[in-house]
Structures are given as C-alpha cells and as structure tokens.
Amino acid sequence: MTNLGRLYPLLDDVQLPDDLPYSQVSTWELRFLYLLGRHHLTGGGRLVELGSGGGGSTYALALGLRESTLFDERRGRLHAYDFFRVGRGTFATEKFFAPGSRPADDGSFLEDFRGRLEPFLPFLEIHAGDLWETSDPEDTSPVEFLHIDIAKTARVFRCVTERFLTRLRPGSVVLHQDFAGPRLPWLHHSTGALLPYIAIAGPPIRSTLAFEVVRPIPESVLRSLAEDTYSVDEKLALISAVQERIDLDHTGGIPFTSVLEFAKAYVAHYAGDHRRAWSLAKPLVDDAYLSRTRSDHFEQLRKAYDEDRARNGGGSRLARLAKKAVGR
C-alpha cells in the first residue's frame, strides 16, 4: 500500500460540516482532501490549490490542516489560486456567490470566498487572477501538495508545468481533479510521462487521481511536458501506460479505461487529425458511461470529422494524396 493508500479505508468515516461551501467536486473528493490535511501534510513545503472555486475543496483541506498535529498554522501556508470571478474563460459559476448576494460589477466572488474561509485566513494566502500573472516564475521553493483543478486549457497546463510541477520533490503529493475529463488529455499523457517517478495512490477518488512523487523528476521530462514536444503517437502510448495502471474509480462508477481511450481521440483532435480522432472515438459510442455523460464530446468530434471530409474530400488517404498531387 502506498503512503496515500492508507487514507482510503478512512473515507467512509469522515463527517464534514453540513454547511460546507459550494463545490463542484464530489463528497468523496472533499473527504480525501480533509484526510490529506488531517493525516498527511505538514506544511514543510508549499501547499497549493490551483482552482479553488467557491471554496468547498479549500475548506475541506484547511479544516483537516487545522485539526492536524503535523501542521503548524504559524508557519505553514495554504495557497489558493483562482480567477475568483465568473465570466468568459473562467469556467466558474454564479453558484460560487453567497446565496442572496449580487455579483460584483466585475463578476468577482472573491469577497464571498474570503467570508466562507474566514476561520482559516491566518494561514490561507489567496492569489486572485490569471495564473500566469499571479504565480511567481522565480519561485523555486518545494511544493509539498498540489491540487490541480484549473488546467482546463493547454495554455494553463503549461503554466502549471513550468511553475509548479518543476517544484515537486520526492514526497510531494499531486491531485488531478479533472482526470475523468477526456477533453483534457494533457493531464493523462503527462501522468504517463511521470509514471517512472510517481506512485499512484490507488483507484481514482471519483474524478481525482492522486499520486506521490517517489523519485526526482528529470528536468528533461518536465521541459518536454511544458513545451509539448511529444508527438501524437508518443502521447497515445503514454496514455496507454496509464490505462495499464487504473481501471474503475474507487466507487466503481467511472470506467477510466474508456475515459482514457476517449482522451486519446482528443489528442488527435487537438493535433488537427480529425479523421484519426473520430476513428478512436467511434468504437466508444456504445459505452454506457460515455454515451450518458459525454454525448456532446462525441458530437464535437463527429462534427469536426464531417467538416474535415467536406473540406478535403472522402476516400482513402492514398486517394486524397493522389488527388492533391494532380491538383484536383
């Protein structure tokens, strides 16, 4: 059993407050965050939450830290990063505002967040705004804990890689909250690249994959991730390596083998190879979980495939190349 794996048997017994702030993560994930704070983290390195949202996940983690005998509130700090506002590109919701409150003119729910987290403000540092602007490129201090719930785009994931993954050390804990999201394949192939240097805690906690760094991560690996130098075929192979390690989530409800296969289709889609993307996605159409929860994903990939065929013509790849060669 991994160091983090010992927390799994404790999940059923966690009782969180009924008035926990609104969160888009499941109760299981909130319980795991609490257990990490309560039984594992020390605050000896930076504790970082990327994507704090309405504060539910921050509250669960901070509550665990407050009840821990390992964490010193006078020295340890929990760093919360988010736009803390609703609007285009933020992936936030107006549910993050306190009930009955009116959104600020700029859509900010920062004061609502502060109010919800008031008990923990003495050891909570809030970083509001674009991650590229609120994170320090010169900060090389070790990160003990990294909760990633912000990497909704490749642009943001590059920032995460350059400014946070580079600061991981043996013993660092990472949580990928969006691991059940096929549209975010950088989470999956990057994990594949890190497999020689990490120990996966166990089955994903619903959508969250947790792992601990057990060996120093070579700078060359981190540079390849940040600069996105892996080819499509290399990314698919890296995702396949992850498929060999995980299957269902710990409740048995999310079939990660299928989710990761769908993520492969998005690797091809983002590379502009829409035919290959659809060929990877089409066999998954009848998957019960994906057809129920990701129907819009299939529509997106099929539409891109149809548009590609209309633009470049149908037929085999050889026929298309021949047609192009003769200028037709």
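Preceding block: the structure.
What comes next is a walk through the structure. (Residues numbered from 1 in each chain as written. Predicted model: local features only at pLDDT ≥ 70, side-chain atom pairs only at ≥ 80, totals over all residues. Heavy atoms only, no water.)

## Points about the environment of leucine 7
How we decide: Under the scheme used here, helices are H or I runs from DSSP no shorter than 4 residues and strands are E runs no shorter than 2 residues, and both carry numbers assigned from the N terminus. Think of it in three bands: residues with accessible area under 20% of the maximum for their type are buried, residues over 50% are exposed, and the middle band is partly exposed, with areas taken using a 1.4 Å probe on protein chains only. Should any heavy atoms of two residues lie within 4.5 Å, those residues are counted as being in contact.
Among the secondary structure elements, leucine 7 is positioned in the segment before α1 (27–39). Its relative accessible area of 1% is what places leucine 7 among the buried residues. Separated by 24 residues in the primary sequence, leucine 7 and arginine 31 place their C-alpha atoms 9.9 Å from one another. Ignoring anything within four residues of it in the chain, the contact list for leucine 7 reads Phe32, Leu35, Leu36 and His39.

## Let's talk about the nonpolar core
Rules: Buried Ala, Val, Leu, Ile, Met, Phe, Trp, Tyr and Cys residues form a nonpolar core when they are joined through side-chain atoms within 4.5 Å.
Among the nonpolar cores identified, the biggest contains 61 residues, and Leu50, Leu131, Leu146, Val160 and Phe262 are the most heavily contacted of them. Among the elements that line this core, the one with the most residues is helix α9 (residues 256–270), at 9 residues. Beyond its immediate chain neighbours, meaning those up to four positions away, leucine 131 contacts Leu50, Tyr81, Ile150, Val156, Cys159, Val160, Arg163 and Phe164. Ranked by size, the runner-up nonpolar core spans 40 residues in total, among them Leu11, Val14, Val86 and Phe113.

## With respect to helix α6 (residues 185–194)
Along an α-helix, residues three or four apart share an orientation, since each turn contains 3.6 residues. Burial within α6 is extensive, with 10 of its 10 residues counted as buried. Within the sequence span of α6, burial applies to Pro185, Trp186, Leu187, His188, His189, Ser190, Thr191, Gly192, Ala193 and Leu194.

## As for the side chain of histidine 274
One can find histidine 274 in helix α10 (residues 274–281). Apart from residues lying up to four places away in sequence, histidine 274 is in contact with His269, Ala304, Tyr305 and Asp308.

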